[in-house]
Amino acid sequence: MSGASLPALKTRKLGRTNVSVTELGLGTAPLGDLFDRVEDDDAAAVIQCAREGGVRYFDTSPWYGRGQAEHRLGRALYRKPRSEFVISTKIGCLLRRPLKPGPFDRGEWVGGLEFETVFNYGYDGVMRSFEDSLQRLGLNSIDLLLIHDLDAWHHKPPAKVDAYMNQLFVSGWRALDELRSQGIIKGIGAGLNTIGTIPRFLDLFDIDFFLLAMRYTLLEQDVLDSEFPRCAERGVGVIIGGGYNSGILATGAVPGAMYNYEPAGPAILERVREIEQVCARHRVPLPAAALQFPLLHPIVASIIPGAILSAQVEQNLAAFHHPIPASLWAELKHEKLIRADAPTPK
């Protein structure tokens, strides 16, 4: 399905910022060679296909392939009119040349660039990260800046989270606030992976939005208990990452399906099968329900699935535009497959 045959993507205002983002964005972690090595031409085709489909919000990070995703995104966008797209990147991870000779340990990345990472959430670290990202992107402005992965998913043990949070509180936040108050960036967010971290940020910082990965999906809605209500009270918006829970909501309950970066267990596989059966009765593909469900919540502005091939972008665009009857959501609630208090059409 070509971008020309699809309806235009709508935009939504993001939280406390004055920035509007397309409801469907593009996440670029896969372009850093997260699970698969992606050739430069394929990466360029992914971004071009997204643009042709109307996507105008692109999220990246120095962490993604240790700078590779930023390079690739910038190379695809730097000659485009700057007013035509919104870009977000993240602070907290500085890159440096390896200090020791020998084979390079890529960690969880299959490929990417051979730079070591140094975590720094202090004033100088924030400012250097921001300037480094501008140069990797080849752009002289970034719209939105996020604090990246300052949670127990990424930093272990908990004492390390506390130490970095203290560094951000006493030093790094001042840099972010200066960039925002001077109009250099248009909003400050935090990219998180775990339940229970949002309140800490709301208590300590004047945050504009969150990028929440994997925690508001067809399979997970615990943030409805208190975290989303607190965001709504403050006017804080949310961008959804990991809307497929790292795979299973795109592939369905197939052998080897991944759930939150691990092989799905029997209970999750069975639940996904039940969701698939409901979707089939309403003639809705599972990925369509997965992509559209989070946006039914009024504080959610965008969902940003990644891709490694342009064909996957086309599939996401088709799924995002697939009509879904209200009766599907009603049946999912009746079968207790999603929470009764999850916002859905009547």
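Data block above holds the structure.
Note that the structure is predicted; figures quoted are calculated from it, not measured.

Thresholds, definitions, all that
- What you see as residue numbers is a count from 1 along each chain, following the sequence as written.
- It should be noted that, the model being predicted, local features are given only for residues of pLDDT at least 70 and side-chain atom pairs only at 80 or more, the latter also being counted only at that level, while totals for whole chains, interfaces and linings use all residues.
- Side-chain metrics in this entry use all non-hydrogen atoms of the structure; hydrogen atoms and water are not considered.
- Using a 1 Å grid laid over the protein atoms alone, points where a 1.4 Å probe fits but cannot get out form a cavity; open sets with protein on both sides within 12 Å along at least 5 of 7 lines form a pocket; any residue with an atom within 4 Å of a point counts as lining.
- Grid points are joined across faces, edges and corners, and a volume is the space filled by probe spheres set on the points.
- Strands here are runs of E lasting at least two residues and helices are runs of H or I lasting at least four, both read from the DSSP assignment and numbered beginning at the N terminus.
- We call a residue buried when its accessible area falls under 20% of the maximum for its residue type, exposed when it is over 50%, and partly exposed in between, using a 1.4 Å probe and counting protein chains only.
- The arc refers to the directions leading from the helix axis to the C-beta atoms.
- Here, residues are in contact when the closest pair of their heavy atoms is within 4.5 Å.
- The term salt bridge refers to a side-chain nitrogen of Lys or Arg lying within 4 Å of a carboxyl oxygen of Asp or Glu.
- Any residue that is not Ala, Val, Leu, Ile, Met, Phe, Trp, Tyr, Cys, Pro, Asp, Glu, Lys or Arg is counted as polar, Gly included; the first ten are nonpolar and the last four charged.

(A) Representation of the layout of surface pockets within the structure. The space that makes up the largest pocket amounts to roughly 1,400 Å³. Along the wall of the largest pocket there are 48 residues; nearest its centre are P30, L34, F35, S246 and Y261. For the lining of the largest pocket, the secondary-structure elements that each account for two or more residues are β9 (187-192), β10 (209-213), α7 (248-251) and α10 (310-321). The element best represented in the lining of the largest pocket is α10, accounting for four residues.

(B) The arrangement of helix α6 (residues 227-234) in detail. Along α6, the positions that sit buried rather than exposed are E227, F228 and C231. Down the axis of α6, the smallest arc covering the buried residues is 95°, so these residues share one side. Looking at the buried side of α6, the elements it contacts are α5 (198-204), β10, β11 (237-241) and β14 (300-303). Trailing α6 by a residue or two, G235 shows a phi angle of about 75°, which is positive.

(C) Layout of the pattern of salt bridges. Under the definition given, this model contains 24 salt bridges. Residue R281 pairs with E331 through a salt bridge whose shortest N-O separation is 2.6 Å. A residue pair is termed long-range when its members are at least 10 positions apart, and R281 in helix α8 (residues 266-281) and E331 in helix α11 (residues 326-334) qualify at 50 residues. According to the relative accessible area criterion, R281 is exposed, its value standing at 52%. Here the salt bridges share partners, and the residues they tie into one network are R16, D177, R180, D206 and D208.

(D) A look at empty space enclosed by the protein. This model, assessed by the stated rule, comprises two cavities of 30 Å³ or more. Of the volumes computed, that of the largest cavity is approximately 50 Å³. In terms of lining, the largest cavity is formed by L24, G25, L26, A50, V55, P305, V313, N316 and L317. For the lining of the largest cavity, the per-class residue count stands at seven nonpolar, two polar and no charged. Size it by volume and the second largest cavity reaches roughly 40 Å³. In this structure, the second largest cavity is lined by W63, I91, G92, C93, F119, Y121, H148, D149 and H154. Considered class by class, the residues forming the lining of the second largest cavity number five nonpolar, three polar and one charged.

Purely geometric numbers; function is a separate question.
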